[in-house]
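What the coordinates show
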Amino acid sequence: MPSVSQSRTNTRAEEVAKKLKGIERYNPNCRPMLEEYVQYQIDNHFYDFDANMALLKMYQFDPSNFQGDKVADILLLALTNLPKPDFLLCKYLLDAQKCQENSRVVEALHFSELLESCRFQEFWEQLERASVKIPGFEDRIREFICQTINRTYQTISRQELQLALGRLTTNEFEGLIKTRGWKILPDDATYIWIVNHEENIKSRNIVEKIKFEHVAPVMNIV
């Protein structure tokens, strides 16, 4: 049974979705509501990609209404949905010059660059100096990093893994290893076994279906 807060969140999301249908989607009168809704998402720990895209589109239509801090919050929310391409889709709607005028937007764009190029240690160092006020942001980014490591490594050094996962205590780090099903190598405790990718390789039978009419011209030549 959903909690009261979940029911309230679902109701609000449904109300916004109704207002964004048809020609009302880019009605300038909806802009203040969508700007307030960005903070509502942050406060209630959820993410509405469609509504955020509608707001960015409004800024694209009328750059004079551009609110850098709202754009920064939208970009940070989009980062929490990596590896989905939400951030890139948001970025396509942004005016490059306007973005450079807001330090928080510049910061969010840099975060994306670091994460997408797997410079995880540098990301955590930059985040340490930033002021990101989105509950659960670190956990969701860490989940993306774990997914990336799972797809990339068979074994990884303990030190490299700790640096990639950021600000974790020893107990949190070891708890995460256990939760993910990773294991410390019995013959070398400085390395962590992630996954045997060879076991996940599946053979596939490729059957080519060539119709007679496709080869008939060749047969005539022969």
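The name given to the chain in an unreviewed UniProt entry is Eukaryotic translation initiation factor 3 subunit K, and the organism recorded there is Adineta steineri. For the record of the chain, the UniProt heading Sequence similarities (unreviewed entry) holds the text "Belongs to the eIF-3 subunit K family."

1. Examining the nonpolar core
If you look at the biggest cluster of nonpolar residues, it comprises 62 residues, and the most contacted ones within it are I145 and W182. Among the elements that make up this core, the one with the highest residue count is helix α4 (residues 68–79) (eight residues). Shared between two domains, this core holds at least three residues of each, these being domain 1 (1–136) and domain 2 (153–221). Contacts of I145, omitting those with residues within four sequence positions, involve L115, F120, W124, A164 and L165.

2. Regarding the environment of K98
Topologically, K98 is positioned in helix α6 (residues 96–100). Taking the C-alpha atoms as reference points, K98 and S64, 34 residues apart in sequence, are found 9.9 Å from one another. Apart from residues no more than four positions distant in its own chain, K98 is found in contact with P63 and F66.

3. Topic: the sheet that holds strand β3 (residues 188–193)
Two modes of strand pairing occur in sheets, parallel and antiparallel, and in both the strands are linked by backbone hydrogen bonds. Spatially, three strands are ordered β1-β3-β2 in an open sheet, and the strand pairing comes out antiparallel. The open sheet is flanked by β1 (155–157) and β2 (183–185), the only strands paired with a single partner. Direction aside, the axes of adjacent strands within the sheet are offset by 45 degrees on average. Strand direction decides the pairing type here: β1 and β3, joined by three bridges, are antiparallel. Bridging from a neighbouring strand, I156 pairs with I192 of β3. Strand contacts of helix α10 (residues 158–165): β1, β2 and β3, with the helix running at about 85 degrees to β1, the strand carrying the most contacts.

About the criteria used
- Residues numbered from 1 in each chain as written.
- Predicted model: local features only at pLDDT ≥ 70, side-chain atom pairs only at ≥ 80, totals over all residues.
- Heavy atoms only, no water.
- UniProt positions renumbered as here; feature names shortened; annotations may be inferred.
- Core = buried A, V, L, I, M, F, W, Y, C linked by side-chain atoms within 4.5 Å.
- Buried < 20%, exposed > 50% of the residue type's maximum accessible area, 1.4 Å probe, protein only.
- Helix = DSSP H or I, 4+ residues; strand = E, 2+ residues; numbered from the N terminus.
- Domains from an automatic or database assignment.
- Contact = heavy atoms within 4.5 Å.
- Pairing = 2+ DSSP bridges.
- Axes fitted to C-alpha atoms, helices over the stretch in contact; angles between N-to-C directions.

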